[in-house]
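Report on the structure
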There are 2 protein chains.
Amino acid sequence: MDRNAPVGVFDSGVGGLTVAREIMRQIPDERIIYFGDTARLPYGSKSRDTIIRYSRQIIRFLRVMEVKAIVIACNTASSYALETVQAESDIPVIGVINAGARTAVQATRNRKIGVIGTEGTIGSGIYTEVMRQMRSDIEVFAKPCPLFVPLVEEGLLHDSVTDEIASRYLNSLKGKYIDTLVLGCTHYPLLRSTLRRLLGEEVTLVNPAYETAVELRGLLQKQNLDREPDASLTGEKYQFFVSDLAEKFTSFATAILPGEVKETKKINIEEY
Amino acid sequence: MDRNAPVGVFDSGVGGLTVAREIMRQIPDERIIYFGDTARLPYGSKSRDTIIRYSRQIIRFLRVMEVKAIVIACNTASSYALETVQAESDIPVIGVINAGARTAVQATRNRKIGVIGTEGTIGSGIYTEVMRQMRSDIEVFAKPCPLFVPLVEEGLLHDSVTDEIASRYLNSLKGKYIDTLVLGCTHYPLLRSTLRRLLGEEVTLVNPAYETAVELRGLLQKQNLDREPDASLTGEKYQFFVSDLAEKFTSFATAILPGEVKETKKINIEEY
């Protein structure tokens, strides 16, 4: 395996860019190939079988692009597909669940942790399972928030409707006196200020993106897969691919990544 | 072509069942094969190219099932793909746009018509184009309502949040003094009472499903493709297929169709 090869990062759409951004910040020497499955999003309301099939196609594409490791930067795909695709893969594959779970378990003081996510992520029960394996005396309260993704995609980040919906979703969690909340969907950090206002300063909000980048860095170093800082670079350091609407993706990516995204290529993912 | 063959009806998901229901009511002798593309929904926010590719795959599947005619029971797919797939097909293919446009043009008295739909349908400009071809002195005011589908799918049919969102979307149309509104997405008839309350009794709400069934009946009769009432029937009269979440679809279909739906089969639409 070429230690100077890129890392593959994928998500159903733009949400995983928050994970890519953390990798860029924390391990700036690494090259990234990002794929967003914009022709088939959202993933959160679809079945395990379908998400595993989609994830396998994307991993085949990323292998054609000769990545050295893969980050599933989507909570739903991490929930449903990580174990399956890890078992099939001869290169490292990590998801976002373990990182988020570990941070929350370390952060809680009263051992009451809330998790919000898509119907798929919450229905899988994986955050609860992983956190209770890490520490068995933890109580986990999970709540699916299916309208958050469409509200974010409509840009209603600071809006009375989003406040009202968020208030309904969080009401049951507030009644459980959680002191830590895992933002178990890559779109949700964009609602951080709304969630912060509703929950108050005393609840720690955990965004798995940061810890995922920490985990990736450790893994690459351990396996001698970290890129040499002086390795030669042909072409763009960061490359972006989607299955639909490449221009819209480019605008969005430019808005949330530190540098300008010059180009996004559209591919037919069903051919992989 | 076998006049006793079934009619194929497709949509991105469950919305097109409102069209299937009208066909069942108005031409009860006809058999139906319904396909809902639940693994790739929604269609409304995706590109023309992608929607044409998906529509072609579905039509190939329906041809394998030996349908005699096809109804595109989805406004977005009708907007983007109808013309292309009609030109490629040797069996009749109809969409929902013409039927809805014709009803609205006949219903208006002040020649001011509103159209609401997905970003795809409204962005295509097709309702405006078709209605102005039918009658050039008509003014059309179109408004995309991207949050209506997720709100309907969450079951918030009678809810203060839906009222608030609908009020924002309809505000600009109310200012134009429209007397007719086309519900240009198959999900929207489920919001009829909310829309009615906000617009008042004087605005005619047009649901293209009814007229689409009328158009299909006329077309089948004209081409001698209408099913013989005493034709033998092997298997179920109505068959349902989806690309994901068959059980969830069965429950939904049973709730909105007149009879019980016993089974929905899941297929891999990408193989077509």
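It should be noted that the structure appears before, not after, this text.
Residues numbered from 1 in each chain as written. Chains lettered and ligands numbered in written order. Predicted model: local features only at pLDDT ≥ 70, side-chain atom pairs only at ≥ 80, totals over all residues. Heavy atoms only, no water.

1. Considering helix H9 (residues 192-199) of chain A
All names here are of chain A. Put simply, the rule is: Buried, partly exposed and exposed residues are distinguished by accessible area as a fraction of the type maximum, computed with a 1.4 Å probe on protein chains only: under 20%, between the cut-offs, and over 50%, respectively. In DSSP terms, a helix is any run of H or I states spanning at least four residues, a strand is any run of E spanning at least two, and both are numbered starting from the N terminus. Throughout, the arc means that of the directions going from the helix axis to the C-beta atoms.
Along H9, the residues classified as buried are Thr194, Leu195 and Leu199. When H9 is viewed along its axis, its buried side chains cluster within an angular range of 115° and face the same direction. Looking at the residues trailing H9, positive phi occurs at Gly200, about 90°.

2. Topic: the sheet that holds strand S10 (residues 264-266) of chain A
Residue and element names in this part refer to chain A. Threshold: One bridge is not enough; two strands pair if DSSP finds at least two bridges between them. The criterion used for residue contact is that any of the two residues' heavy atoms lie within 4.5 Å. Only the stretch in contact is used when a helix axis is fitted, and all axes are lines through C-alpha atoms; the angle between N-to-C directions ranges over 0 to 180 degrees.
Pairing is parallel across the open sheet formed by 6 strands, whose spatial order is S4-S3-S1-S2-S9-S10. Both edges of this open sheet fall to strand S4 (93-94) and S10, since each of them pairs with a single strand only. Bridge count between strand S3 (residues 69-72) and S4: 2 bridges; the pairing is parallel. Looking at S4, one finds that Val71 is bridged to Ile94. Packed onto the sheet, helix H11 (residues 246-256) meets strand S2 (32-36), strand S9 (238-242) and S10 and runs at close to 155° relative to S10.

3. Looking at the nonpolar core
This is how the line gets drawn: What makes a nonpolar core is a set of buried Ala, Val, Leu, Ile, Met, Phe, Trp, Tyr and Cys residues whose side-chain atoms join them at distances within 4.5 Å.
A:Ile116, A:Phe148, A:Leu181, B:Ile116, B:Phe148 and B:Leu181 are the most contacted members of the largest nonpolar core, which totals 50 residues. Secondary-structure elements contributing two or more residues to this core are helix H7 (148-153), helix H8 (160-174), strand S7 (180-184) and H9 of chain A together with helix H7 (148-153), helix H8 (160-174), strand S7 (180-183) and helix H9 (192-199) of chain B.

4. Topic: the interface of chain A and chain B
Interfaces are often described in size by the accessible area the parts lose on coming together. So the rule is basically this: For this document, the term salt bridge refers to a Lys or Arg side-chain nitrogen within 4 Å of an Asp or Glu carboxyl oxygen. Pairs of N or O atoms within 3.5 Å make up the polar contacts considered here, provided that, within protein, one atom can donate a hydrogen while the other can accept it, and that residues adjacent in sequence are counted only when both atoms are side-chain atoms. Only Asp, Glu, Lys and Arg are considered charged in this grouping, and only Ala, Val, Leu, Ile, Met, Phe, Trp, Tyr, Cys and Pro are considered nonpolar; every other residue, Gly among them, is considered polar.
Residue-level contacts link 32 residues of chain A with 32 residues of chain B. Linking chain A with chain B are 8 salt bridges. Viewed at the interface, chain B and chain A are joined by 22 residue pairs in polar contact (both at pLDDT 80 or more). Of all the secondary structure elements, the ones that give two or more residues to the side of chain A that touches chain B are helix H2 (48-64), H7 and H8 of chain A. For the side of chain A that touches chain B, the per-class residue count stands at 12 nonpolar, 8 polar and 12 charged.

5. Digging into the relation of the copies chain A and chain B
Here is the rule we go by: When the copies are overlaid, the least-squares fit takes in C-alpha atoms only where the residue has pLDDT of at least 70 in both copies.
The transformation that overlays chain A on chain B combines an axial shift of 0.0 Å with a rotation of 180°, and the residual RMSD is 0.0 Å. Read as a symmetry element, the transformation amounts to a two-fold axis. The position closest to the rotation axis in chain A is occupied by the C-alpha of A:Arg40, lying 2.3 Å away. The share of interface residues of chain A whose copies in chain B are also at the interface is 100%, consistent with both copies meeting through the same surface.

6. Description of the pattern of salt bridges
Within this structure, the stated rule accounts for 43 salt bridges over all chains. Linking A:Glu211 and A:Arg102 is a salt bridge whose minimum nitrogen-to-oxygen distance equals 3.7 Å. Taken together, the residues A:Glu211 in helix H10 (residues 208-222) and A:Arg102 in helix H4 (residues 97-107) connect sequence positions 109 residues apart. On the basis of relative accessibility, which here comes to 17%, the residue A:Glu211 falls in the buried class. Salt-bridge contacts for B:Glu201 lead to B:Arg196; the nearest nitrogen and oxygen are separated by 4.0 Å. Using a relative accessible area of 65% as the deciding quantity, one classes B:Glu201 as exposed. By relative accessible area, B:Arg196 is classed as partly exposed at 21%. In the salt-bridge network here, residues are joined through shared partners; they are A:Asp37, A:Arg40, A:Arg53 and B:Glu270.

7. What about a negative patch on the surface?
Residue and element names in this part refer to chain A. Stated precisely, the cut-off is as follows: Any residue with relative accessible area above 30% and no salt bridge may belong to a patch, with like charges joined within 9 Å and the nonpolar Val, Leu, Ile, Met, Phe, Trp and Tyr side chains within 5 Å. In short, Shrake-Rupley with a 1.4 Å probe defines the accessible areas, and a residue's cover is counted only from the protein chains shown. The charge count includes Lys and Arg as positive and Asp and Glu as negative, but it does not include His or the ends of the chains. Where a charge lies is defined by one atom per residue type: Lys uses NZ, Arg uses CZ, Asp uses CG and Glu uses CD.
Judged by side-chain charge, Asp2, Asp29, Glu66, Glu228 and Asp230 come together as a negatively charged surface patch. Looking at where Asp29 falls in the secondary structure, it is placed in the loop between helix H1 (17-26) and S2. Taking the relative accessible area as the measure of exposure, Asp29 reaches 32% and is therefore partly exposed.

8. Details of the side chain of A:Asp179
All names here are of chain A. One can find Asp179 in the loop between H8 and S7. Asp179 gets classed as buried once you look at its relative accessible area, which sits at 6%. A distance of 2.7 Å separates a polar atom in the side chain of Asp179 from a polar atom in the side chain of Thr108. A polar contact is formed between the side chain of Asp179 and the backbone nitrogen of Asn110, at a distance of 3.0 Å. When neighbours within four sequence positions are excluded, Asp179 is seen to be in contact with Thr108, Arg109, Asn110, Lys112, Glu202, Val203 and Thr204.

9. Let's talk about helix H11 (residues 246-256) of chain B
All names here are of chain B. Restricting attention to buried positions, one finds in H11 the residues Ala246, Phe249, Thr250, Ala253 and Ile256. For H11, the angular spread of the buried residues around the axis is 140°, confining them to a single face. The exposed residues of H11 that point more than 90 degrees off its buried face are Glu247, Lys248 and Ala255. As for H11, its buried residues are in contact with helix H1 (17-26), strand S2 (32-36), strand S9 (238-242) and strand S10 (264-266).

10. Side note on unusual backbone geometry
All names here are of chain A. That bond from Leu41 to Pro42 is cis: its omega, -5°, falls within 30 degrees of zero. Tracing the backbone shows Pro42 in the loop between S2 and H2. Positive phi, normally seen in glycine, also occurs at Glu66, with a value near 60°. Within the fold, Glu66 resides in the loop between H2 and S3.

11. A look at the environment of B:Ser55
Residues and elements named next belong to chain B. Assignment of secondary structure puts Ser55 in helix H2 (residues 48-64). Sequence separation of Ser55 and Tyr177 is 122 residues, and the distance between their C-alpha atoms is 36 Å. If we ignore the near neighbours within four places in the chain, the residues touching Ser55 are Phe10, Ala77, Ala81 and Val85. Among the polar contacts made by the side chain of Ser55, one reaches the main-chain carbonyl oxygen of Ile51 at a distance of 2.8 Å.

12. A word on the side chain of A:Ser47
Counting through the fold element by element, A:Ser47 comes out in the loop between S2 and H2. Setting aside residues no more than four positions away along its own chain, A:Ser47 makes contact with A:Tyr80, B:Asp244, B:Leu245 and B:Lys266.

13. With respect to the packing of H1(A) against H10(A)
All names here are of chain A. The criterion, for reference: Comment on the angle field: the value is read as roughly parallel under 35 degrees, roughly antiparallel over 145, roughly perpendicular from 65 to 115, and oblique elsewhere. Here is the rule for handedness: rotate from the far helix to the near one, and if that takes an anticlockwise turn smaller than a right angle the crossing is left-handed, while a clockwise turn gives right-handed.
Where H1 contacts H10, the two axes come as close as 8 Å, and the packing angle between them is 50°. When the axes of H1 and H10 are compared, the pair comes out oblique. Where H1 crosses over H10, the handedness of that crossing is right-handed. In this structure, H1 uses Thr18, Val19, Glu22, Ile23 and Gln26 to contact H10, whose residues at the interface are Ala209, Tyr210, Thr212, Ala213, Val214, Leu216 and Arg217.

14. Considerations on the packing of aromatic side chains
The cut-off we apply is this: Stacked, edge-to-face and tilted labels apply to pairs of Phe, Tyr and Trp rings (six-membered ring for Trp) whose centres lie within 6.5 Å, assigned for plane angles under 30 degrees, over 60, and everything in between, in that order. As a reminder, the over-ring test applies to NZ of lysine and CZ of arginine, requiring each to be within 6 Å of the ring centre and within 35 degrees of the ring normal.
Scanning all chains against the criterion turns up 18 aromatic pairs over all chains. Centroid distance B:Tyr34 to B:Phe249: 5.7 Å. Interplanar angle 35°. Geometry classified as tilted. Here B:Tyr34, found in strand S2, pairs with B:Phe249, found in helix H11; they are 215 residues apart in sequence, far enough to count as distant. Taking relative accessible area as the criterion, B:Tyr34 reaches 0% and is therefore assigned buried. Between B:Phe148 and B:Tyr188, the ring centres sit 5.2 Å apart and the planes meet at 90°, which makes this aromatic pair edge-to-face. Taken together, the residues B:Phe148 in helix H7 and B:Tyr188 in the loop between S7 and H9 connect sequence positions 40 residues apart. Grouping residues by exposure puts B:Phe148 and B:Tyr188 together as buried. Here the aromatic residues A:Phe35, A:Phe61, A:Phe241 and A:Tyr272 are joined through ring pairs into a cluster of three or more. The ring of A:Tyr54 carries A:Arg40 above its face, with NZ or CZ at 3.7 Å from the centroid.

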